[in-house]
Amino acid sequence: MNQDRIVLAFAGTVILLSLLLATFVSNWWLLLTAFVGVNLLQSAFTGFCPLAMVLKAFGVKPGCAFK
């Protein structure tokens, strides 16, 4: 699995988890959903993704998005 797929899987998991927490705990968890969405949007334009940098440090091979 390359960096691109891990980033997308992680983002999807965090979004689903925050939606579950917002449904059953508190609506404030929707801020986490918004944060992930904003981070995905800015990384699409800038190519900067903190998770991709961490994965690169661990030696995960990059995909075509995060080189």
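Keep in mind that this is a model prediction, so the values were computed, not measured.

(A) Up close: the overall build of the protein. The secondary structure content of the protein amounts to 3 helices and 0 strands. Put simply, the protein runs from its N terminus to its C terminus through helices and strands in the order α-α-α. Principal-axis analysis of the C-alpha atoms places the extent of the protein at approximately 35 × 25 × 15 Å. Classification of the 67 residues of the protein by burial places 24% in the buried group. Looking at the protein alone, contacts between residues at least 24 apart form 59% of all its contacts between residues at least 6 apart. Summing over all exposed atoms, the protein offers an accessible surface of approximately 5000 Å²; the carbon and sulfur share of this is 75%.

(B) View of the packing of helix α1 (residues 3-24) against helix α2 (residues 30-46). It is the contact of α1 with α2, at a shortest axis distance of 8 Å, that shows an interaxial angle of 160 degrees. In this view, α1 runs roughly antiparallel relative to α2, as classed from their interaxial angle. Note on packing geometry: the crossing formed by α1 with α2 is left-handed. Between α1 and α2, the contacting residues are Ala-11, Val-14, Ile-15, Ser-18, Leu-19 and Ala-22 on the first element and Leu-30, Leu-32, Thr-33, Val-36 and Leu-40 on the second.

(C) Layout of a nonpolar patch on the surface. Among the surface-exposed residues, Leu-20, Phe-24, Val-25 and Trp-29 lie close enough to one another that they form a single nonpolar patch of about 460 Å² accessible area. Residue placement: Leu-20 occurs in helix α1.

Criteria and cut-off values
- Residues numbered from 1 in each chain as written.
- Predicted model: local features only at pLDDT ≥ 70, side-chain atom pairs only at ≥ 80, totals over all residues.
- Heavy atoms only, no water.
- Helix = DSSP H or I, 4+ residues; strand = E, 2+ residues; numbered from the N terminus.
- Buried < 20%, exposed > 50% of the residue type's maximum accessible area, 1.4 Å probe, protein only.
- Contact = heavy atoms within 4.5 Å.
- Areas by Shrake-Rupley, 256 points an atom, 1.4 Å probe, with all protein chains shown as cover.
- Axes fitted to C-alpha atoms, helices over the stretch in contact; angles between N-to-C directions.
- Parallel < 35°, antiparallel > 145°, perpendicular 65-115°, else oblique.
- Left-handed = near helix turned anticlockwise from the far one by under 90°.
- Patch = residues over 30% accessible without salt bridge, like charges linked within 9 Å, V, L, I, M, F, W, Y side chains within 5 Å.
- Salt bridge = Lys/Arg side-chain N within 4 Å of Asp/Glu carboxyl O.

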